[in-house]
Amino acid sequence: MTAEQMNDRKRWIALYVLCAGVLMIVIDATIVNVALPSIQDDLGFSQSNLAWVVNAYLIAFGGLLLLSGRIGDLIGQRRIFLVGLAVFTAASLLCALAQSQGLLIAARFVQGVGGALTSAVILGMIVTMFPEPREQAKAIGVYGFVASAGGSIGLLAGGALTQAINWHWIFFINIPVGIVTAFLATRLVADRPGIGLKAGADLPGAVLLTGGLMLGVYTILQVSEQGWGSAQTLGLGAVSLALLAVFVARQARVANPLMPLRLFHSRNVSGANVVIALLVVGMFGMFFLGALYLQRIEGYDPLQVGLAFLPSTVVMGTMSLRVSGPLVMRFGPKATLIASLLSIGLGLILFSLTPVGATYVTEVMPATIFIGLGAGLGFPSLMMLAMSGATPEDSGLASGLINTSVQVGGAIGLAVLATLASERTSTLRADGESLNAALNGGYHLAYLIGAALVGVAIVAAATVLRSGSPAAAEQRHEHTHAEPAYSDAV
């Protein structure tokens, strides 16, 4: 085997190591949801306090993604990845050993910090490792599958571990995975230096950004209890937006901004983030409300819910790993993305037709397959477009931005859909509908709103995004060895 072949093999193994880190974090986000009833019984949580087992993680995770990505640009992305893995693994051990509510919630917050540090820089590392368009399309396909399908795997793993052993093991399982991933990353992932803290050492900006995002995520998570029109929601939401507005204004005038606004001059970066924020509303709604539909109305247990989404995961994996790369190279990421959005929209519409007492094979599975098909094709295309306008110096920031769009867009969307679904259910109950029929009517409304937002995403993708010939981009790369696979000028 030649030295070039050895280096190429090492790059692909390094990709799988990075994706193992992604998988551990994505699985953790859903695996906990399955175990919540067991955690509540064991530690004596009230219903309102139980939500903080999830919320503490999400506030830290969603609030720190953007900052974590930028710090990776400044001091080195591998370093931030390894620090994040260490924090996440140590916090997982604390979660597993927790015998009190306070310790578990605190450990979950620290786990969210580690998750943000780890996941924020991974996409930036991948596009730097695979600058050639064809390889980049394939590598992002692998990443896209892991990032999008990990939720389904988490449902399966959570149901199996909780039912077979106990809830502590959903956290214990992270420890060997984290240690092995960190060890392999030090051996296989190149340690590229950052551009230096002086290039973006804006401490007041970091405080404004983190404070604004964390407060925003907290406000969204409290909507189900406080309501959209409450003084708390409106007040804290206004403060969050004000902090972020001051942060953006500061970035426009400081000499060394933490987040250079030049990144948003790229139509592909800005457009892709808008599209993914709209898309994940429907995706989060499908997984969250779809799981509730199967449990509350159809009587599935947690493991059966995971199995119900398994065909979607298999299709998603096939599309991401085998089909998306060749299609992107032939038709371009924009055309592939639009086709995928149409498939997801169709899946959500089919979900809105599911009856009480549905037959799984004919009335539920087709909807999950269309959504899996669309996600498997769409997420790799979106990741390529979102990273295409970023320079190597800004790749961590672009990576953190796309992850923030997913988390914040999904959180806002899920809060809106859950609220509207609940209101619709209450209206139907008042009209004399049975509980199951009323619940289903609420879920149907949420799916239709998600489908409508996917329609808006299609319009945004068609009008804002730019995508030229991938073959031409590949030829340019071969001649110039340019870093980005695509640019807005393509």
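Since the model is a prediction, treat every value here as computed from it, not as a measurement.

A. Summary view of the overall build of the protein chain. Looking only at helices and strands, the protein chain features 19 helices and zero strands. Going through the 490 residues of the protein chain one by one, you find that 56% of them count as buried. In the protein chain, the proportion of contacts linking residues at least 24 apart, taken out of those at least 6 apart, comes to 84%. A total accessible area of about 19,200 Å² is found for the protein chain, and carbon and sulfur atoms account for 67% of it.

B. Quick look at the packing of aromatic side chains. Throughout the structure, instances matching the rule amount to five aromatic pairs. A centroid spacing of 4.6 Å and a plane angle of 50° characterise the contact between tryptophan 12 and phenylalanine 130, whose relative ring orientation is tilted. Note that tryptophan 12 is positioned in helix α1 (residues 3-43) and phenylalanine 130 in the loop between α5 (122-129) and α6 (133-164), a separation of 118 residues in sequence. Just as tryptophan 12 is buried, phenylalanine 130 falls in that class too. Ring centres of tyrosine 57 and phenylalanine 61 lie 5.5 Å apart, and the angle between their planes is 15°; on these two criteria the pair is classed as stacked. Residue tyrosine 57 and its partner phenylalanine 61 are located together in helix α2 (residues 47-75), separated by four residues, close to a single helical turn. Pair check on accessibility: tyrosine 57 and phenylalanine 61 agree, each one buried.

C. Molecular detail of the side chain of glutamine 111. Relative to the assigned elements, glutamine 111 resides in helix α4 (residues 101-120). Setting aside residues no more than four positions away along its own chain, glutamine 111 makes contact with Asp28, Tyr57, Phe88, Ala91, Ser92, Cys95, Phe171 and Asn174.

So, how was this worked out
- Residues numbered from 1 in each chain as written.
- Predicted model: local features only at pLDDT ≥ 70, side-chain atom pairs only at ≥ 80, totals over all residues.
- Heavy atoms only, no water.
- Helix = DSSP H or I, 4+ residues; strand = E, 2+ residues; numbered from the N terminus.
- Buried < 20%, exposed > 50% of the residue type's maximum accessible area, 1.4 Å probe, protein only.
- Contact = heavy atoms within 4.5 Å.
- Areas by Shrake-Rupley, 256 points an atom, 1.4 Å probe, with all protein chains shown as cover.
- Phe/Tyr/Trp six-rings, centres within 6.5 Å; stacked < 30°, edge-to-face > 60°.

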